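Breakdown of the fold
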Amino acid sequence: MDAFLGRKKYSSFLGAEGVHLRAWLPSNLRAFIASIEYHYRVPEFVEQSGDPRLLGVMDGIIEAYTGERGFMGVHRYKVFGILEIAGKTGRTETNGASGAADKGRPWEETHKQFSEAMKERLEPYRGALDVEPHQMRGSFEECRYISRVLSRSFVDSDPSRTIALVTLDLQESGVTFMPGDRLAVMPLNSWEECAKVAAALGLENLIDGEVEVKGPWLRFERHLASVRRRKPQKLTVKDILRRGHLAPITKELALKMHNLLRASSNTVLQVLGTNEWPVRGSLGDLLQSALMDTPPQIWDKAFNLDNIAWLSDLIALEVPRTYSIASYTEELLPSTVDLAVSRAEYKLCSTFSGHEDISRAGVSSGFLNPWPSSETADDEEIIFGVSRPAAFQLPLDTMAPCAFFAGGSGIAPFRSFWQSRFAKGGLSGGKNYLYLGVQSREKFCFEEELRDYVNAGFMEVHLAFSRDARGLAYDPYLHDLVERPTPPRYIDTLIQEQGATISELVMSKKQGGLGGYLYVCGSVSVFDSVMNGVRKAVYTHCTATMEKVELIVDRAFAERRFMLDVFMTPKPLPCNLPTIPMSQLALHTGHRPSSRMWIGVHGSVYDVTDFCPMHPGGTMIIKSNAGVDCTKSFDNLAHTNNPEVASLLTKYFVGHLTPEPDFHNDSDEIAPLYALWAAYLRSTVETLVAHQFEMYEIMGASSNSSSSHDPAGSNNIWLQENLPSTIAVRTFYAYQSRLLQGGFAALFGPKLQEIVLKLSFSLANSSQPGAQTQVPDILGAIARAKTGIDAVTCTKELALIGQLVSDKEGSLRFQDRGVFAYASKSVELDIELLEDLRQEACNGMDAFDNIAATYSLPNEGADTDFEGHRLNALCTFLLQILDRMSRRLGVFYAQLAQQSIYHPELESNPARTRWTLVRRMIRDGSFFVLSHKMETNVLQNGQSSAPYVSRSNENQNVGFDRVMSQVQASLVSNQQAVPYHSTRSQSPTNLNAVHQTRGRSTGDASALATRENANALKAMSSFVERNNKAIRRLSKLPASAMSFDELRQTSQAISQLAMTSNQNLEGILGLDMMNSSVPSPPQSRGSSRSRAHTSAASPSAEMLLSKLQQQQRHRSSSRHDSRSGSPTGSVYYPIVRGKPPTPPLGHLPPQRQPNAQTALGTFMGQLNSRTRSNTAGSSDNIIPSSRSVAGTLVSRTRSVSGTRGHVSALSTNSLRTFRLKGLAEREHIVPTF
């Protein structure tokens, strides 16, 4: 296809790979490709022919192959979704190592490489593209053909013509379409709305004047020239008014008007004070009202008629609307196409209507289907394109039965369906059923046509009128629709009435049904009503429980026999609801049964739980973004500028997302910490969601019951024909072994070390010179948890499952139920750990919001050291959270170590289970070793090991020196992987390098975790190098290099001094914080920032920290009570001594064009027109004077006191030159796995 379409460039990654692979093709295929590419150039022949039909067909081929809705675009979206899920659940590389150069998310890099390859294919026809291909979806770029409206006809007996059959001219266009396809039409604004804007702005005499444009309007100018196949022409004022966005009034449009008029219009202020966006009105209404209350000088200054380039900045370009094609033809190149357009109507807002009740029509539907009384002769050209949804097509088998469910104008695509099936199969084809729901008898569309099909015995038609008792019923004996009084009803009641037939269509042939194809087209409410009726019909006629109903319906969706075309008219969204913080969004991941699933998109939050079954791309891609802000993925998938998606989202709107806090003077210090913590919260949520992807079938499953996601019990994953399922065991073993070996690499790896390093540095840097800052031993607690006896026990037990799976003697059959119970409990413990970590991360996000809220305190200006207290309290509180998270990891290993696969009481043959244990211990020698006696007793008697406790350092804090030594150990230990990461950071240049890059994958962690950890290591290294002097000063490191013995002696002395000063400090302060948490510096302690002393009325760091702790405990208790589906209570962290533990928180022939002056003149006499003032040129002198506000800037400098113990010398060496490897080896415990 590249040779056929005349591709010129192959410089992209995929292009170079394609050229390389072409050399491996057989010689006859290479010769064929070369002949097409160099001797028989089809694109040049088509261009030289000048035939508009051939040119149109060629455009269709290009769009079908490399267009955004063609093969390449659809394939790219599939790859994006698959790689996102795979990258989060364990897959480490992609085929061809695509995405290897990405910083953190390989699917985004793969998406970028696909876009580059698509741009290379489009360049010979579209020229150099300024935007990415996914940004063209839903825009004017998809409209490549020119047409005109031929006629608008009635399809029912409604005098207002709510639904009209619009016929467009396709002559000489070369357009082809199939049943189920859609037309994307660029609408035109009515002449009335254009007259309002022209009168208010004084453009009535400049309607044909050219406008200098830029941005999207410049691209549209070039696009029109390409579509018309002419030289580029400048856009005129008429083009912008007719093709621009005039209604409804968006927030961006209102703000533009507010800035242009310099806040001098009360009407604009009233619009900005609305409770919902967008405002139900038009730009013409706004300009007409604002003209009357704005001073003429400001109006003339804002809208200067000497240079009208501002017009394209004020009015944005309109986007196309999609409509289902309602006709079918057997012609290869059809001459017309029909659309069934329903006119959308709304009430004008009170700001413009006053006390009157004024109805308006939508922009696109009002253009295609205006009111019959206001319809005028309009022969202006429109541009359109063809969209082919892959998930809404007729079956290839003409004998397959089909059922069509429609509501209102949703009958449009089904008209092309039944025309196509009648043309191909005739009366001998498969059965056809139409279930239609409309308001009244007058709005019954295509009644005469449907009666002809019913009389011929081709299809059955069943109707439901929601506001009319004059019913029509299908008579199977007369093959006709007969009059029958029927109470008003909705389509779900009709489906239940015809439940026997519909249930057989829903059930597959393997389930005893007909295996029919079911199509639903209509609004979201129609879809909900149809699915409700289908479930009740299946429950009544086929099953005894509702769980079985879900299995049957899900089977129909899985077999792609249930297809949807759901749309919705957009509605305004409220803007006065409380904002939703990021922590609340993170709690709605939908991983528990009956829980809700939220996503964040462009500052708004949507509950997409009910939308998942309707998503054309499946449910997994939505679930993978649950609980996080998925704006970037939303943009990459071309949903942002898609009006269909935007209208659907309005139904699931929950609220607006809380914006990022403003930390004012401390933004340079706290804002990076906020971004780092927000990224860590995202990692916790994504890890939890990825766990649900892989282990959702095991959640709550046992040998006697199914998983919690399959309550019907008919899909037990552990047993297949009453035999143990080795596949299920292997799935669990592969996932759990990777989880334990990696030690939750995404959560307790370098990413967490980076947070600890920067928090500890910020805390130490804000302390008094010479003071010993004590921080929790977070990294040490994590290392001890990963290498402790409990972790070793968990690894051995998991390795035993691997031995049972690969055992030739099949000893798994004697311990199958024990393995099942162990797997279920392990998965539950994994989920509890990840949920607790998520909760703690949410508490940290709330702390940032609370700290930002303190900037509005009235006594802020009286305290110049208040910013230091905020940073001190925030770092202390966050370190406390990380301390609890590190100890929670130890509790997890302790709880998991108590579980065992040895449960003879659960097995069907307990004696054989016991003998299998003895025989295995005899073979490995552990039966005769006394040191394993305790382990044997644990397995046999069910005794549990002691919970995890740090015996060597019980809840004690360490100095900043210890933190730096631990960070240095991580950097030194990862230096061996630096060449590997540097190799991965570059794209492979040939196929051998591609295979080598794939071969380097270890498989221990997912691609997302691996790349994020590598980025964290780089960030830590650069942070240490950037803050080298400060780290030397704070950690008491010498200015010059020392020998290993001197460094070891110095570090030992520092460690002893840190422990002694920590104990003395705790005794002096008498602080009682959570489990001996981080002591915050006292109020009398000085600061290295040389700030003034703290005011007595201002809150200190201790008061802020206490407030954060109280709010955190309150949120944790309330969230814990409301957490759904959690089977366990709070987790108590064990300690050895002290207080009891506390719970964690075509080119067309020339046509008659309308006269713009005549069209506008009919409306100008009734509108407010701009008066030409002679003072327009001197309006610059009538600008309100701006006020000069003098402010005092408080500069904060960091001073290094001489009492630090040593003076920092200038040095260009990094911290790595100190060679702390010996100290790291002494402190680091080598893992046992």
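Up top you'll find the structure we're talking about.
Residues numbered from 1 in each chain as written. Predicted model: local features only at pLDDT ≥ 70, side-chain atom pairs only at ≥ 80, totals over all residues. Heavy atoms only, no water.

**Things to note about the sheet that holds strand E3 (residues 163–169)**
- Pairing in this open sheet of three strands is antiparallel, and the strands run E2-E3-E7 from one edge to the other. Each edge of the open sheet is held by one strand with a lone partner, namely strand E2 (149–154) and strand E7 (336–342). Neighbour to neighbour, the strand axes of the sheet diverge by 25° on average, direction disregarded.
- Strand direction decides the pairing type here: E3 and E7, joined by seven bridges, are antiparallel. Of the residues in E7, the one forming a bridge with Thr 167 is Asp 338. (Pairing = 2+ DSSP bridges. Helix = DSSP H or I, 4+ residues; strand = E, 2+ residues; numbered from the N terminus. Axes fitted to C-alpha atoms, helices over the stretch in contact; angles between N-to-C directions.)

**A word on the pattern of salt bridges**
- Under the definition given, this model contains 52 salt bridges.
- For Arg 53, the salt bridge is made with Asp 51, and the minimal N-O distance between the two is 3.6 Å.
- Close ionic contact of Glu 835 with Arg 592 constitutes a salt bridge, the shortest N to O distance being 2.9 Å. Of this pair, Glu 835 sits in helix H34 (residues 816–853) while Arg 592 sits in the loop between helix H24 (582–586) and strand E19 (598–601), and the two are 243 residues apart along the sequence.
- Residue Glu 835 is classed as buried on the basis of its relative accessible area of 2%.
- Assessed through its relative accessible area of 7%, Arg 592 is described here as buried. (Salt bridge = Lys/Arg side-chain N within 4 Å of Asp/Glu carboxyl O. Buried < 20%, exposed > 50% of the residue type's maximum accessible area, 1.4 Å probe, protein only.)

**Focus on the packing of aromatic side chains**
- One pass over the full model with this rule turns up 26 aromatic pairs.
- Ring centres 4.9 Å apart and planes at 65° place the aromatic pair Trp 299 and Phe 303 in the edge-to-face group. Here the two residues Trp 299 and Phe 303 agree in accessibility, since each one is buried.
- When the ring of Tyr 674 is compared with that of Phe 848, the centres are 5.4 Å apart and the planes differ by 80°; the resulting orientation is edge-to-face. One end of the pair, Tyr 674, is in helix H28 (residues 667–695); the other, Phe 848, is in helix H34, and 174 residues separate them in sequence.
- By relative accessible area, which is 0% here, Phe 848 ends up buried.
- Aromatic rings pair up to connect Phe 392, Phe 404, Phe 414, Phe 417 and Tyr 519 into one cluster.
- For the cation-ring pair, Arg 161 lies above Phe 154, with the distance from its terminal atom to the ring centre recorded as 5.6 Å. (Phe/Tyr/Trp six-rings, centres within 6.5 Å; stacked < 30°, edge-to-face > 60°. Lys NZ or Arg CZ within 6 Å of the ring centre and 35° of its normal.)

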